[in-house]
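Given next are the chains, with one letter for each unit.
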Amino acid sequence: MNKKIIAALVAIAIVVAGIVGVGISKTKNVGKSQSTISREEAVKQLNKLYGKIDIETASPQKAPIDSVTSNIADELPNIEKTYPLTVTGRGDVNVEIFTSTEKGGSGTDGWLNDVAEDFNAKGYRVDGKKMSVSVRSLATGTAVEYINANVYTPDAYTPSNEFFGEMIASSGVKINMVEKQLLGNTAGILLSKNAQKTIKEKYGKVDFSTVVKATQEGVITMGYTNPYASATGLNFLISTLYAADSKNILSESAVEGFNAFQKNVPLVSFTTLQMRESAESGVLDGFIMEYQTYINDKSLSSYSFIPFGAEHNNPLYQIGVLSDDKEQTLKKFAEFCKNDSSQKLAKKYGFNNELGYKSNMAMPDGKTCIAAQKLWKDNKDNGQEIVSVFVVDTSGSMDGEPLNTLKSSLVNSINYIKNDAYVGLITYDDEVTKQLDIAKFDLNQKAYFKGAVQNLTAGGGTAMYSGIVVGLKMLDEALVDHPNAKPMLFVLTDGEPNEYLGLDDIDKAVDGLNIPVYTIGYGTGANMDTLGEISKINEAASISATTDDVIYKIKNLFNAEL
């Protein structure tokens, strides 16, 4: 009888273990196809699909590249269209303020907007003239580019932390700190409970240093956001360098420490959303976020918050020389932000939380911050080769301004693709055309790339999935000669796929090949839901762009990934 009971219990345990195993497998493949196939099976599927596609081959023609220069002023989109005011001040003396997005959005992310509206309603006056403020919300790195390139200069700026204020000062722009801290916030690493337990058991404590060490040693996988665009991402980069060498974050030992860390980072996210989706799918054990965002999102309650780096004190800077009336208005607004009512609202929205954390990191100057960004760009791939293919929509809907703007975007991107990357180009309409075989992006390949892009014409349908199949086939063949390379596919489209293959035909192959497919939806006709599903399969970004900002967004994507 006892033997029978034991046998039954063992059988039940095996069944339960199987169910749990399946559950874990399913959880780790959220956003992927229902059953991940092997690479060998994926290649077979790819070859079968590829064999059914009619492919044309263009004759490559060179174009001179001496005229290809980077001009940030030309890349930046029209600010009024792309980043409209979130608060419009209508006083006789009005001060415009750039703000970081976590306090210039809506709901609990709208603290500065709400405070500005309250301030404007008070009717404060200077020399009999009514004071007011306007607010414009945009990403931290983008705000700095507008200011440093002298494209659009606000009267004031409040980033998340002081790094980007230092970077503005280093560019020669006159900048003066009006208030060191409008409200308090903290950058942190969100760790899964399993990762926290593992680190605690192996290293005895859980803090920034042990998280970095655990990542360097391959114990956990970490993700962070692009330090060119994100204040939290730049804070994380500088903190990682500081952990390696607190005396000189640009030293050889600092770079060695960063490279050891970066070697085990599966992705640097273009957006916070991409990073969160990667964590939800089980790819990441930890990722970075500000405490205010963390505390307001109940879905993140299963993660522990580990503070790091410089404090996000949301300083307020005056930009340039202002009139006396504007200076007084700005100072009055700073005082209003610090009053009890405004600070209570900040607390309600998730700011001003006392976490018992104080940074011991010395604040680097702006030139050091800029050098750290370049260091990241040069070292983020740890010497791993990048092999990429651009899959470009040339269907009839792209005719005219859409295609011309997209061509300008791709030519401009030459400035942001590293010379040692490998690049190929295909286009699709009713059919797929191989415009340029994959080759090292040296001077010769750049000339062919520019020539191919400039000669693109539009017409026909939208065989996007056929284009993706051909791009994947090119990458798979390139990996034979570059087995350790990092493959990447970039798909640019303005419409709904309407020819031949569908997502159901290719999703398992994309999944099994493990090649990230970055998608850029261009204009209002692009189906961003569909594009998002494609990108989500292998943790890539999906970006929505318009005629006004496509050049800037493509530049940022390639700068981060290539």
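The structure displayed is predicted, hence computed values, not measured ones.

The next thing to look at is the overall build of the protein. Counting its regular elements, the protein contains 22 helices and 19 strands. Whereas a compact globule of 562 residues would reach a radius of gyration of roughly 24 Å, the protein reaches 26 Å, a difference of no more than 12%. For the protein, the spread of C-alpha atoms along the three principal axes comes to 80 × 80 × 45 Å. Counting over 562 residues, the protein shows a buried share of 54%. Nonlocal contacts in the protein, meaning residues at least 24 apart in sequence, comprise 80% of its contacts between residues at least 6 apart. Split by element, the accessible area of the protein, about 23900 Å² in all, is 48% carbon and sulfur. Here the protein holds 54 positive side-chain charges and 68 negative ones, and the gap between their average locations is 7 Å.

Those residues of helix H7 (residues 163-170) lying buried are Phe163, Phe164, Gly165, Met167 and Ile168. Buried residues along H7 sit in contact with helix H6 (140-148), strand E6 (156-158), strand E7 (175-179), helix H10 (231-244), strand E13 (316-319) and helix H16 (366-379).

This brings us to the packing of helix H19 (residues 464-481) against helix H21 (residues 528-536). It is the contact of H19 with H21, at a shortest axis distance of 13 Å, that shows an interaxial angle of 20°. In terms of their interaxial angle, H19 and H21 are classed as roughly parallel. Considering the relative orientation of H19 and H21, their crossing is right-handed. Residue-level inspection shows Met464, Tyr465 and Ile468 of H19 in contact with H21, the latter providing Thr530, Leu531 and Ile534. Residue classes in the contact of H19 with H21 are distributed as 5 nonpolar, 1 polar and no charged.

Among the structural elements, Phe119 can be located in helix H5 (residues 111-122). Owing to a relative accessible area of 0%, Phe119 belongs among the buried residues under this scheme. In this structure Phe119 touches Tyr124, Met131, Ser132, Val133, Thr329, Lys332, Phe333 and Phe336, once residues within four positions along its chain are discounted.

Turning to the sheet that holds strand E19 (residues 542-545), a few remarks are in order. Pairing within the open sheet is mixed, and its 7 strands lie in the order E1-E16-E15-E14-E17-E18-E19. Pairing within the sheet leaves two strands with one partner each, and these edge strands are strand E1 (55-57) and E19. Taking the axes of each pair of neighbouring strands and ignoring which way they run, one obtains an average angle of 20° across the sheet. In this sheet, strand E18 (residues 517-522) lies alongside strand E17 (residues 486-493) in parallel orientation, the contact comprising 5 bridges. Along E18, the bridge assignment pairs Leu489 with Val517.

This part takes up the pattern of salt bridges. Under the criterion given, the structure shown has 17 salt bridges. Across the salt bridge formed by Arg39 and Asp476, the nearest N and O atoms sit 2.3 Å from each other. Highlighted residues: Arg39 in helix H2 (residues 39-50) and Asp476 in helix H19, separated in sequence by 437 residues. You can call Arg39 partly exposed: its relative accessible area is 32%. Asp549 is the partner of Lys553 in a salt bridge, and the nearest nitrogen-oxygen pair spans 3.4 Å. Given a relative accessible area of 6%, Asp549 falls into the buried group.

Take the nonpolar core next. Core analysis: the largest hydrophobic core is formed by 66 residues, its most contacted members being Tyr157, Ile189, Tyr224, Phe236 and Phe287. A total of 7 residues in this core trace back to one element, the largest contributor, which is H10.

A few words now on the packing of aromatic side chains. The full count for this structure, using the stated rule, is 23 aromatic pairs. Among the aromatic residues, ring-to-ring pairing joins Phe390, Phe441, Phe449, Phe490, Tyr518 and Phe558 into one connected group. The ring of Tyr124 has Lys332 lying over it, and the distance from NZ or CZ to the ring centre is 4.7 Å. Against the face of Tyr50 rests Lys473, its NZ or CZ located 5.6 Å from the ring centre.

Once that is clear, we can look at a negative patch on the surface. On the surface, a cluster of negative charge is contributed by Asp54, Glu56, Asp430 and Glu431. Within the fold, Glu56 resides in strand E1.

For the rest of this paragraph, the subject is the packing of helix H9 (residues 208-216) against helix H11 (residues 252-262). Packed helix pairs are specified by the crossing angle of their axes together with the interaxial distance, meaning the distance between the axes. The N-to-C vectors of H9 and H11 enclose an angle of 65°; their axes lie 7 Å apart at closest approach. Between H9 and H11, the interaxial angle falls into the category roughly perpendicular. Note on element contacts: H11 touches H9 through Gly257, Ala260 and Phe261, opposite Val212, Thr215 and Gln216. Partitioning the contact of H9 with H11 into residue classes produces 3 nonpolar, 3 polar and no charged.

How each quantity is defined
Residues numbered from 1 in each chain as written. Predicted model: local features only at pLDDT ≥ 70, side-chain atom pairs only at ≥ 80, totals over all residues. Heavy atoms only, no water. Helix = DSSP H or I, 4+ residues; strand = E, 2+ residues; numbered from the N terminus. Rg over C-alpha atoms; globule rule 2.2 N^0.38 Å. Buried < 20%, exposed > 50% of the residue type's maximum accessible area, 1.4 Å probe, protein only. Contact = heavy atoms within 4.5 Å. Areas by Shrake-Rupley, 256 points an atom, 1.4 Å probe, with all protein chains shown as cover. Lys, Arg positive; Asp, Glu negative; His and termini not counted. Charge placed at Lys NZ, Arg CZ, Asp CG, Glu CD. Axes fitted to C-alpha atoms, helices over the stretch in contact; angles between N-to-C directions. Parallel < 35°, antiparallel > 145°, perpendicular 65-115°, else oblique. Left-handed = near helix turned anticlockwise from the far one by under 90°. Nonpolar A, V, L, I, M, F, W, Y, C, P; charged D, E, K, R; others polar. Pairing = 2+ DSSP bridges. Salt bridge = Lys/Arg side-chain N within 4 Å of Asp/Glu carboxyl O. Core = buried A, V, L, I, M, F, W, Y, C linked by side-chain atoms within 4.5 Å. Phe/Tyr/Trp six-rings, centres within 6.5 Å; stacked < 30°, edge-to-face > 60°. Lys NZ or Arg CZ within 6 Å of the ring centre and 35° of its normal. Patch = residues over 30% accessible without salt bridge, like charges linked within 9 Å, V, L, I, M, F, W, Y side chains within 5 Å.

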